[in-house]
There are 2 protein chains.
Amino acid sequence: MKPLRQWVPMLEWAPAYNRQAFGRDMLAAVIVTMLLIPQSLAYATLAGLPAQVGLYASIVPLILYAVFGTSRTLSVGPVAIVALMTASAAGAVATQGTPEYVAAALTLALLSGLILIAMGLARLGFLTNFLSHPVISGFITASALIIAASQLGPLLGFSNTGNTLPELGTGLINGLRSVHGPTLALGGLTLVFLYAMRWSPLEPNLRRTAPLLALVATTTLSWWLGLADRGVAVVGDISGGFPPLTTPPLEPDLWSTLFMGALLISIVGFVESISMAQTLAARRRQRIDPDQELIALGSANLGASFSSGMPVTGSFSRSVVNFEANAETPAVGIYTAVGIALVTALFTPLISHLPLATLSATIIVAVLSLVDLPIIKRTWDYSVSDFAAMLATIGVTLAVGVESGLIAGVALSLGLHLYRTSKPHSAVLGRVPGTEHFRNVERHEVETDEKLLVVRVDESLYFANARHLEDRVQELIAARPSVTDLILTCQAVNTIDASALESLETINRRLSHAGIRFHLAEVKGPVMDGLRKTELLQSLTGEVHLSTYQAWQRLHEDS
Amino acid sequence: MKPLRQWVPMLEWAPAYNRQAFGRDMLAAVIVTMLLIPQSLAYATLAGLPAQVGLYASIVPLILYAVFGTSRTLSVGPVAIVALMTASAAGAVATQGTPEYVAAALTLALLSGLILIAMGLARLGFLTNFLSHPVISGFITASALIIAASQLGPLLGFSNTGNTLPELGTGLINGLRSVHGPTLALGGLTLVFLYAMRWSPLEPNLRRTAPLLALVATTTLSWWLGLADRGVAVVGDISGGFPPLTTPPLEPDLWSTLFMGALLISIVGFVESISMAQTLAARRRQRIDPDQELIALGSANLGASFSSGMPVTGSFSRSVVNFEANAETPAVGIYTAVGIALVTALFTPLISHLPLATLSATIIVAVLSLVDLPIIKRTWDYSVSDFAAMLATIGVTLAVGVESGLIAGVALSLGLHLYRTSKPHSAVLGRVPGTEHFRNVERHEVETDEKLLVVRVDESLYFANARHLEDRVQELIAARPSVTDLILTCQAVNTIDASALESLETINRRLSHAGIRFHLAEVKGPVMDGLRKTELLQSLTGEVHLSTYQAWQRLHEDS
């Protein structure tokens, strides 16, 4: 068991908390809050939920992460990709705008919370490794494109629901007939303003106020000119005050339907969050405990599910901002939560005038920065199979949906990994004349012995490649009738599982029937420890040699 | 494209066929036929099909394998495990004894044929590697136990259908009330006779006639004493003559329902067949072409589906007999087919008197030799994770069914493999004083430098362990504030995929933020070729050193 301080990392930093840290953390909290207000409203809308749900999800979860999280600078809350995944999973069981839809979103947060905590307690964080980098970056690019496409409708003044590029494309073409001039003008101007601020030479913290400025300005304009009456879609009446306590529905059927969606949300959310946390921690030589992070993010999602929220995770953009504002401790999360709670309590009535087009513009600017096209080219240059997995993820995500896209990517990268290791590189070796070195006979001028066959295999031996080794040995000796001794050099063999052990026994037996002795050389310590527990070493027709050279010397002299 | 001789291996051996080979092959064919008659009848019954279907499946498929197969001694036809899998898959869509059931079995043969041929043409033989040795041997043991349990009913004089041990156990207990004395006497005596012959010191080929002798003797007895009228279950009226031509039903729904079953039958059948073929070929230093074997077994199954047969594959027991009878060419298969065709044409009417208890006794003796309990102990001794996969396969196969058992085993062994490689062994190294060697600081008395951190990772780097490496490096440098240079030695790294490449870039970037230079050492040729195509080498804050010693020398002197 780990000590309490590791379960509750707050106990480590809180006792030493001082005035200087308070000053820095407060400043960072103000900057993060300014960014979080427009983002949380926007991502709740993106998830198909009432805008204030974003604010609700930015209170309790932040406090819980501050207590349980190991990152000093990660900023938790609603994020774009998870919002899209929430919309996709909840949309499969209910219609946007209904209480069932809200209940589905709460259930997703609850399940994600439970899954993350369970993974943390069982130390199953390694499961997230199933998501390879090409799959995750392909997935983010494809999701960002879908999100951007889905926001073009609201920006032009019509609603366009759909989960895939073909659906959104059709909706967009059909909607072009009903473009609404005032909305387009407002949304277009906001978009131009946001990009102008982003590329402006202003001080970074000033630039970062752009989304909040746009929000305040367009809301004021909307209220003043009564834009809602002129056909501009606005957030509309929303309940003010603190987030109501909620109990997510306890329906086994709903849970099992939403389980897969919640699992994918958990994994994607965790992978994004942990890589951000690690990157930031590294700059200050701080440590992140991945298993504890699972528990912290799980608690944050549990908190969201009981306080009218939505699934949350660590945010790229806000974490960077928090880090650059010199946040010193996770207390920033608590101050930010207090700030959002004040905004929620005091200003939500004003938000009813906020035009949806403003939120769409905010979302488009935020997600387009996630699209990473150069990495597609770089992956293609480096590895065809990684490229294939990435392309499948992007294609299936765009054409079929986010869950299918992720699953296709994971399945293909697993399959390709097994394929790659199922036919490991192996070489017939000869001796570099006058030395103790042995090299591939096909690449170097080396000395060979027609009675000795030296084979090197460049991969750990396990079930996926065990039979390939049998076939390869078979092929080699069938072509060399004069061979009396075969030496397998194992310097690249890090493990031998039970399947490979049986294959070695099979090879030994087959070679013995063919009158050939079977030797091993350069077996690593841990591998040898394992082999000593088996009967292979007794039944081995040849010997285990420390080095290939020793084996060669012994057998070459013999003959 | 491979040349025609490799697509049709018969073209290689047929032109050189001579009288001596003919003599040997004929003798082997007689012995194999004697074994095949009782086995084919028994396995057809086991598959829930009319007994003569076993004979039908022993004609056309054998000829096709002789034309397309690359093994000189493999004996193809109905086998026990595949018969059980056929019963399980066909039983899920139809009831035994109905025409729909027969059609389902034909469809399974057709689909297996198509799947095997497709895998052979696409060179997808590596997919069979997903079945690890522990999974396959656990599966065979569990299947054999289920088969033996299923035959106790007919041996005691009642029918007991069921696909799992709990079902069969319940059926057995319920059936004990209706044990039929004469059947039990006949079956018991047959069982004793078969075991007595098996353990007798007689000449092997004589011993092997036991099942045929038992068949002829009990059939004669049954006909003479009119046992059917006394309540002994017999095969009953069956159609004689050559196998009727059949067209498997072309129903897309049926095809998709049976696909998974057919896929598993194909893979299990192929794995069994190829390992037998390889073992026998090795003894004579002959070669097996796995991809061509897929095509040959696929043709055999296609042939079975168009000639009233059932799924077939290479048989353990008959192949060994064939080999030991000095079979010289695949022509044995053709002669055996002719023998079975003659028996089918002339003697099928007699087979109607054959007691089912005789077939059950034959099956029990045959399958119990497949149960391998010592390997469970050996696997436990060698590797806990392989043992877990084996136990899951056995447990799920016995409790839930053959298909679920196989799938559970494959899923678990894949998961465990990824788990094993996801946390690769790594070590901090120090220099063995006065030498060029570097060893684990925790195991050896070595020289270290507080500014230099030398890390060795004992596994290829790919998506499943890429992030672990990031975490590990993070952890190491967080604990060593004085480090200025980190050297990663890569002698055990056989591949670096795109995920791992990105992790190396991340590590490089993070170390650079922390003011630490990142060096690589002992990078293998092919891995280096890959890295040269990337930007890592340019952005690397340190250097790539040929050996760990060189890196040490350079950096140790620097400091």
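Residues numbered from 1 in each chain as written. Chains lettered and ligands numbered in written order. Predicted model: local features only at pLDDT ≥ 70, side-chain atom pairs only at ≥ 80, totals over all residues. Heavy atoms only, no water.

**Points about the overall build of chain A**
Applied cut-off: For the purposes of this entry, the term helix denotes a DSSP run of H or I that reaches at least four residues, the term strand denotes a run of E that reaches at least two, and both are numbered from the N terminus. Throughout this description, buried means an accessible area under 20% of the type-specific maximum (1.4 Å probe, protein chains only), exposed means over 50%, and partly exposed covers the range between. Note on definitions: a residue-residue contact is assigned when non-hydrogen atoms from the two residues lie within 4.5 Å. Exposure was quantified through the Shrake-Rupley algorithm and a 1.4 Å probe, taking into account, for residues, occlusion by the shown protein chains and nothing else. Charge assignment in this entry is limited to Lys and Arg as positive and Asp and Glu as negative, and neither His nor the chain termini are counted. To locate a charge, the coordinates of NZ of Lys, CZ of Arg, CG of Asp or CD of Glu are taken.
Scanning chain A for helices and strands turns up 25 helices and 8 strands. Taken along the three principal axes of its C-alpha coordinates, chain A extends 100 × 60 × 55 Å. When the 559 residues of chain A are sorted by exposure, 58% land in the buried category. Across chain A, every contact between residues at least 6 apart in sequence was considered, and the portion connecting residues at least 24 apart equals 79%. Summed over all atoms, the accessible surface of chain A reaches about 22100 Å², with 63% contributed by carbon and sulfur. In chain A, 35 positive and 40 negative side-chain charges are present, and the distance between their average locations comes to 7 Å.

**Considering the sheet that holds strand S8 (residues 544-545) of chain A**
All names here are of chain A. So the rule is basically this: A strand pair is defined by DSSP finding two or more bridges across the two strands.
Spatial strand order, S4-S3-S5-S6-S7-S8: 6 strands in an open sheet with mixed pairing. At either end of the open sheet lies a strand with only one pairing partner, and these are strand S4 (438-440) and S8. Pairing geometry for strand S6 (residues 485-489) and strand S7 (residues 517-521), over 5 bridges, is parallel. Of the residues in S7, the one forming a bridge with isoleucine 487 is histidine 519.

**Some thoughts on the nonpolar core**
As a rule of thumb, nonpolar side chains are buried together in soluble globular proteins. Test applied: Only buried residues count toward a nonpolar core. Its members are Ala, Val, Leu, Ile, Met, Phe, Trp, Tyr and Cys residues joined through side-chain atoms within 4.5 Å.
Counting residues in each nonpolar core, the largest one holds 101 residues, and the members touching the most others are B:Leu41, B:Tyr43, B:Met85, B:Leu131, B:Met310 and B:Leu406. With 14 residues, the top contributor of residues to this core is helix H13 (residues 252-283) of chain B. In this view, B:Tyr43 contacts B:Pro78, B:Val79, B:Ala80, B:Ala83, B:Met310, B:Arg318, B:Ile363 and B:Ala366; residues no more than four positions away in its chain are not counted. Core analysis: the second largest hydrophobic core is formed by 100 residues, A:Ala104, A:Leu111, A:Ile147 and A:Ile376 among them.

**Points about the interface of chain B and chain A**
How big an interface is tends to be stated in terms of the accessible area lost upon association of its parts. Rules: Computed with a 1.4 Å rolling probe, the buried area is the accessible surface lost when two parts are put together, summed over both parts. A side-chain nitrogen of Lys or Arg and a carboxyl oxygen of Asp or Glu constitute a salt bridge if their distance falls within 4 Å. Any pair of nitrogen or oxygen atoms within 3.5 Å is treated as a polar contact; in protein, a donor-acceptor pairing is required on top of that, and neighbouring residues in sequence qualify only through side-chain atoms on both sides.
Taken together, the 69 residues of chain B in the interface contact 69 residues of chain A. Interface of chain B and chain A: buried area, both sides summed, is about 6400 Å²; carbon and sulfur atoms make up 53% of it. On the chain B side of the interface with chain A, the three residues burying the most area are B:Arg285, B:Tyr382 and B:Arg467, jointly 15% of the side's total. Linking chain B with chain A are 2 salt bridges. Linking A:Glu505 and B:Arg378 is a salt bridge whose minimum nitrogen-to-oxygen distance equals 3.9 Å. Our count for the contact surface shared by chain B and chain A stands at 16 residue pairs in polar contact (both at pLDDT 80 or more). Mapped onto the side of chain B that touches chain A, the elements with two or more residues apiece are helix H8 (133-156), H13, helix H18 (374-382), helix H20 (402-422), helix H21 (463-478), helix H22 (498-513) and helix H23 (525-532) of chain B.

**Section: the side chain of B:Thr190**
Residues and elements named next belong to chain B. Residue placement: threonine 190 occurs in helix H10 (residues 181-198). Judged by its relative accessible area of 4%, threonine 190 is buried. Non-local contacts of threonine 190, meaning those with residues more than four positions away in its chain, are made with Ala214, Thr218, Thr358 and Ala361.

**Focus: the packing of helix H6 (residues 80-91) of chain B against H8(B)**
When two helices pack together, you describe them by how their axes are tilted relative to each other and by the distance separating the axes. Residue and element names in this part refer to chain B. Heads up, the condition is: Axis angles are defined between N-to-C directions and span 0 to 180 degrees, where every axis is a line fitted to C-alpha atoms and, for a helix, only to the segment in contact. Roughly parallel means an angle under 35 degrees; roughly antiparallel, over 145; roughly perpendicular, 65 to 115; everything else is oblique. Each residue gets one of three labels, nonpolar for Ala, Val, Leu, Ile, Met, Phe, Trp, Tyr, Cys and Pro, charged for Asp, Glu, Lys and Arg, and polar for the others, Gly among them.
Viewed as axis vectors pointing N to C, H6 and H8 meet at an angle of 70 degrees, and their least axial separation amounts to 10 Å. The angle between H6 and H8 falls in the class roughly perpendicular. On H8, the residues touching Ala80, Ile81, Leu84 and Met85 of H6 are Phe139, Ile140, Ser143, Ala144, Ile146 and Ile147. Class assignment of the residues belonging to the contact of H6 with H8 gives a composition of 9 nonpolar, 1 polar and no charged.

**Re the relation of the copies chain B and chain A**
Let me state the cut-off plainly: When the copies are superposed, the least-squares fit takes in the C-alpha atoms of residues with a pLDDT of at least 70 in both.
Each copy superposes on the other: chain B lies on chain A with an RMSD of 0.1 Å after a rotation of 180 degrees and an axial shift of 0.0 Å. The symmetry that links the two subunits is that of a two-fold axis. For chain B, the smallest separation between a C-alpha atom and the rotation axis is recorded for B:Ala492, amounting to 2.9 Å. Both copies contact each other with a shared surface, as 100% of the interface residues of chain B are interface residues in chain A too.

**Points about the packing of aromatic side chains**
All names here are of chain B. Applicable threshold: Paired rings are identified among Phe, Tyr and Trp, the last through its six-membered ring, by centres lying within 6.5 Å, and are further divided according to the angle between planes into stacked (under 30 degrees), edge-to-face (over 60) and tilted (the rest).
Applying the stated criterion across every chain, the model contains 12 aromatic pairs over all chains. On the basis of an interplanar angle of 35 degrees and a centroid distance of 4.9 Å, the ring pair of tyrosine 195 and tryptophan 199 is categorised as tilted. The exposure class assigned to tyrosine 195 is partly exposed, which follows from its relative accessible area of 21%.

**Details of the sheet that holds strand S5 (residues 452-457) of chain B**
All names here are of chain B. Ordered by their spatial adjacency, 6 strands build an open sheet running S4-S3-S5-S6-S7-S8, and the pairing between neighbours is mixed. With partners counted over all chains shown, the strands left at the sheet margins are strand S4 (438-440) and strand S8 (544-545), one partner each. Where S5 lies against strand S6 (residues 485-489), 5 bridges are found, and the strand directions are parallel. Opposite valine 455, over in S6, you have leucine 488 as the bridge partner. Contacts from H22 reach S6 and strand S7 (517-521), with the element oriented near 140 degrees to S7.

**Topic: the confidence of the model for chain A**
Heads up, the condition is: Per-residue confidence from the predictor is reported as pLDDT, which spans 0 to 100.
Mean pLDDT over chain A works out to 90, with 99% of the residues at or above the 70 mark. This complex was scored by the predictor with a pTM of 0.72 and an ipTM of 0.72.

**As for helix H19 (residues 384-399) of chain A**
Stated formally: Expected helix span is given by 1.5 Å per residue-to-residue step, counting one fewer step than there are residues.
Here H19(A) spans 22 Å end to end across 16 residues, near enough to the 22 Å set by a 1.5 Å rise per residue. Burial in H19(A) covers these residues: A:Ser385, A:Asp386, A:Phe387, A:Ala389, A:Met390, A:Ala392, A:Thr393, A:Ile394, A:Thr397 and A:Leu398. Check the buried side of H19(A) and you find it contacts helix H8 (133-156), helix H9 (165-175), helix H18 (374-382) and helix H20 (402-422) of chain A together with H22 of chain B.

**Topic: the pattern of salt bridges**
Residue and element names in this part refer to chain B. A full pass over the atoms with the stated rule returns 24 salt bridges over all chains. As a salt-bridge pair, arginine 456 and aspartate 458 come within 2.9 Å of each other at their nearest N and O atoms. Each member of the pair, arginine 456 together with aspartate 458, is buried. The salt bridge involving arginine 554 is made with glutamate 543; its shortest N-O contact spans 3.1 Å. Separated by 11 residues along the polypeptide, arginine 554 in helix H25 (residues 548-558) and glutamate 543 in the loop between helix H24 (536-539) and S8 bring together distant segments of the chain. By relative accessible area, arginine 554 is classed as partly exposed at 39%.

**Quick notes on the pairing of strand S3 (residues 426-431) of chain A**
Residues and elements named next belong to chain A. Where burial is concerned, most of S3 is hidden: 6 out of the 6 residues are buried. Looking at chain direction, S3 and S4 are connected through 3 bridges and run antiparallel. Opposite leucine 429, over in S4, you have asparagine 440 as the bridge partner. In sequence, S3 turns back onto S4 through a hairpin of 6 residues, with glycine 434 there showing a positive phi of about 80 degrees.

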